[in-house]
Amino acid sequence: MAEINRIEMTVNYRKNKNSKSEAYGKYYAECAKSKTLTTRGLAELISQHNSGVGRADTQAVIIKLSELIPQLVAQGQRVKLDGLGTFYPTIATIEGGATEAQMKDKEFNPTTIIEGVRLRFRPSGDEMDNHTSKQYLTRSVSVASANIIEAVERTIEGKTKTVQVITSLEDFRNQVPTP
């Protein structure tokens, strides 16, 4: 299969500092955080990719989708966008739920066990667009290791604050170990 739209993803690493965790002291990969692409930005990007539709029209369609999808899902309707994925509802029930006796009681309001209704998204599972698969990484993403991110306490203007210190992977590897 030919490489199509291979994108480089920057990856940072964070050390687990929870001494109660079995993974204490180990490093874990995380996606580098980037700015959020807004509706206007997405519309501009789409219009630049030879879509034949201008930014304003594209933005209008995206805005309408962002209004309609939550409305449809709130009515229990699943919404599938081919090649992207499916939006669907789930309900979170309070811990313990309700007993059979409660459910049979005509005075019991079953909605009292509902903790929340959530809008969920399941990426497309089509062979070419399977965003849920580990294979997605090998087909569509190349990983570029970048930084070690560490939360450290620093005194700033007389106050102790937790700040993130970012060290390039290369500099991290070249550090002299402290005894």
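Described below are features of the structure shown in this document. (Residues numbered from 1 in each chain as written. Predicted model: local features only at pLDDT ≥ 70, side-chain atom pairs only at ≥ 80, totals over all residues. Heavy atoms only, no water.)

**Digging into the sheet that holds strand β4 (residues 85–93)**
Now for step 1: Pairing is antiparallel in the open sheet, where three strands are placed in the order β3-β4-β5. For this open sheet the edge positions go to β3 (79–81) and β5 (114–123), each flanked by a neighbour on one side alone. Each neighbouring strand pair of the sheet contributes to a mean axis angle of 25°, computed without reference to strand direction.
Now for step 2: Of the pairings in the sheet, the one linking β3 to β4 comprises three bridges and is antiparallel in character. Bridge pairing links V79 to F87 in β4. (Pairing = 2+ DSSP bridges. Helix = DSSP H or I, 4+ residues; strand = E, 2+ residues; numbered from the N terminus. Axes fitted to C-alpha atoms, helices over the stretch in contact; angles between N-to-C directions.)

**With respect to the packing of aromatic side chains**
Now for step 1: The tally for this structure, following the rule as stated, stands at two aromatic pairs.
Now for step 2: With 5.7 Å between their ring centres and 65° between their planes, Y27 and F172 make a pair best called edge-to-face. Here Y27 is found in strand β2 (residues 27–31), whereas its partner F172 is found in helix α5 (residues 169–174), with 145 residues between them in sequence.
Now for step 3: When its relative accessible area of 35% is taken as the criterion, Y27 is described as partly exposed.
Now for step 4: Between F87 and F121 the ring centres are 4.8 Å apart and the planes differ by 50°, which places this aromatic pair in the tilted class. Residue F87 is located in strand β4, and its partner F121 is located in strand β5; the two are separated by 34 residues in the primary sequence.
Now for step 5: Overall, F87 belongs to the buried group, its relative accessible area being 18%. (Phe/Tyr/Trp six-rings, centres within 6.5 Å; stacked < 30°, edge-to-face > 60°. Buried < 20%, exposed > 50% of the residue type's maximum accessible area, 1.4 Å probe, protein only.)

**Some thoughts on unusual backbone geometry**
Now for step 1: Here E157, not a glycine, exhibits a phi torsion of approximately 50°, which is positive.
Now for step 2: You can see E157 is positioned in the loop between β6 (141–156) and β7 (159–168).

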